[in-house]
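A closer look at the structure
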Amino acid sequence: MASHSYVPLALSSLAAVPSIHSDLDTFKTEYHPKSGCVTSIETFLTFGCKQDKQPPIIDKELWQPFSCYADFKFAELVHNAALNKDHTDVLLQLIWRIVDGQARLSFKSHCDISAAWDKAAGQMTPFEKHIITAWHKWEDLAFDVYTCPLWDWALDLLLDPLLVPYFVWDVQQLYKHDGIHYKYFFHHEPWTADHWWNVQSSLPENGVPFAFILYAGKMHLSSAGTVKAYPVFTRCGNLPIHIRNTDGLGGGWMVPEDSKKDSKLTYMNVKHVV
């Protein structure tokens with residue numbers, strides 16, 4: 001049997017095995033020549049670790065440039081609530097009165113405020129909802145109309161002990177002396193007018209007028225699209241002007257209006273009929 005001896009292969013016959021370069025999986029960062037920074041080379045494992053080791057950004061004064069956190073929160077509240085200048089000033093005045101001990105606030109939640117409004121509303125004649133239909137453009141439109149009988153409103157005023165001293169019941173005529181005799185002067189309140197005199201003259205003995213003033217408030221323009229109208233107000237003519245022409249106790253009421261459906265003149269005319 002022939003023997004087989006081992007013959008080593010020539011080096012040239014072996015396949016070339018690629019060597020692993022020492023820069024494999026490394027990252028090089030070059031900076032602008034004007035930066036003065038040296039080029040850095042980092043391995044895959046260390047690349048970006050410097051940024052991870054930096055402490056997180058914690059801004060302890062997020063309310064800057066406001067002078068304090070409370071100022072920022074108040075300004076944010078005013079912005080979110082869309083308060084105008086007058087509302088903001090009144091709210092700030094109230095807050096500072098409370099801070100100075102001149103006033104006390106008991107409300108702690110919205111429920112407390114709602115309960116207080118409900119209690120106050122229970123002392124006045126409430127509005128009643130009525131559904132009134134009107135024909136418009138070949139269909140019946142339903143309107144929610146909220147009303148309060150004028151006489152019930154008048155009774156609320158009459159029964160208010162704070163207003164009782166201010167009611168004027170008897171007609172008055174004013175005269176001014178011109179150096180010779182008294183001359184009929186002027187009208188400055190409803191009870192100084194001739195018509196009031198005539199009305200009281202037509203009433204039974206001890207009868208006095210109770211006057212309702214109804215008018216279109218041209219200082220409060222109401223608009224619905226391109227159509228504009230004036231809301232209707234009612235006030236008590238037996239109260240002095242400095243009381244009846246206010247929004248406070250003894251002041252008048254505005255007839256509510258709702259303009260959601262249409263802005264055309266025909267629709268506004270229908271609403272005026274309603």
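Residues numbered from 1 in each chain as written. Predicted model: local features only at pLDDT ≥ 70, side-chain atom pairs only at ≥ 80, totals over all residues. Heavy atoms only, no water.

This part is about helix α3 (residues 85–99). When the terminal C-alpha atoms of α3 are compared, their 21 Å separation across 15 residues agrees well with the 21 Å that a helix rising 1.5 Å per residue should span. A side-chain oxygen of the first residue of α3 lies 3.2 Å from the backbone nitrogen of aspartate 86; this N-cap is asparagine 84. Residue glycine 101 follows α3 closely and has a positive phi angle near 80°. (Helix = DSSP H or I, 4+ residues; strand = E, 2+ residues; numbered from the N terminus. Expected span 1.5 Å × (residues − 1). Polar contact = N/O pair within 3.5 Å; in protein donor to acceptor, adjacent residues only side chain to side chain.)

For the rest of this paragraph, the subject is the side chain of arginine 235. Along the chain, arginine 235 falls in strand β10 (residues 232–236). Despite its burial, arginine 235 pairs with no opposite charge, the nearest such side chain being aspartate 247 at 5.1 Å. Within the structure, the side chain of arginine 235 is placed 2.5 Å from the backbone oxygen of arginine 244, a separation counted as a polar contact. Not counting residues up to four positions away in its chain, the partners in contact with arginine 235 are Trp153, Ala211, Phe212, Ile213, Tyr215, Arg244, Asn245, Thr246, Gly251 and Gly252. (Buried < 20%, exposed > 50% of the residue type's maximum accessible area, 1.4 Å probe, protein only. Lys, Arg positive; Asp, Glu negative; His and termini not counted. Salt bridge = Lys/Arg side-chain N within 4 Å of Asp/Glu carboxyl O. Contact = heavy atoms within 4.5 Å.)

With that out of the way, let us pick up the confidence of the model for the protein. Scored by pLDDT, the protein comes out at a mean of 77, with 72% of its residues at no less than 70. Helix α8 (residues 265–273) is the least confidently modelled element of the protein, averaging 49 in pLDDT, while α3 averages 94, the highest of any element. This stretch, residues 258–268, has a pLDDT under 50; its non-local contacts, to residues over four places away or in other chains, come to 26 contacts. (pLDDT = per-residue confidence, 0-100.)

One recurring pattern in soluble globular proteins: nonpolar side chains tend to sit buried together. Among the nonpolar cores identified, the biggest contains ten residues, and these are Cys148, Trp153, Ala154, Leu157, Leu163, Phe167, Phe210, Cys236, Leu239 and Ile243. Counting residues per element, this core draws most heavily on helix α5 (residues 150–158), at three residues. Apart from the residues within four sequence positions on either side, phenylalanine 167 is in contact with Leu157, Leu158, Phe210, Cys236, Asn238 and Leu239. Formed by five residues, the second largest nonpolar core is a distinct cluster that contains Val168, Val171, Trp191 and Ala211. (Core = buried A, V, L, I, M, F, W, Y, C linked by side-chain atoms within 4.5 Å.)

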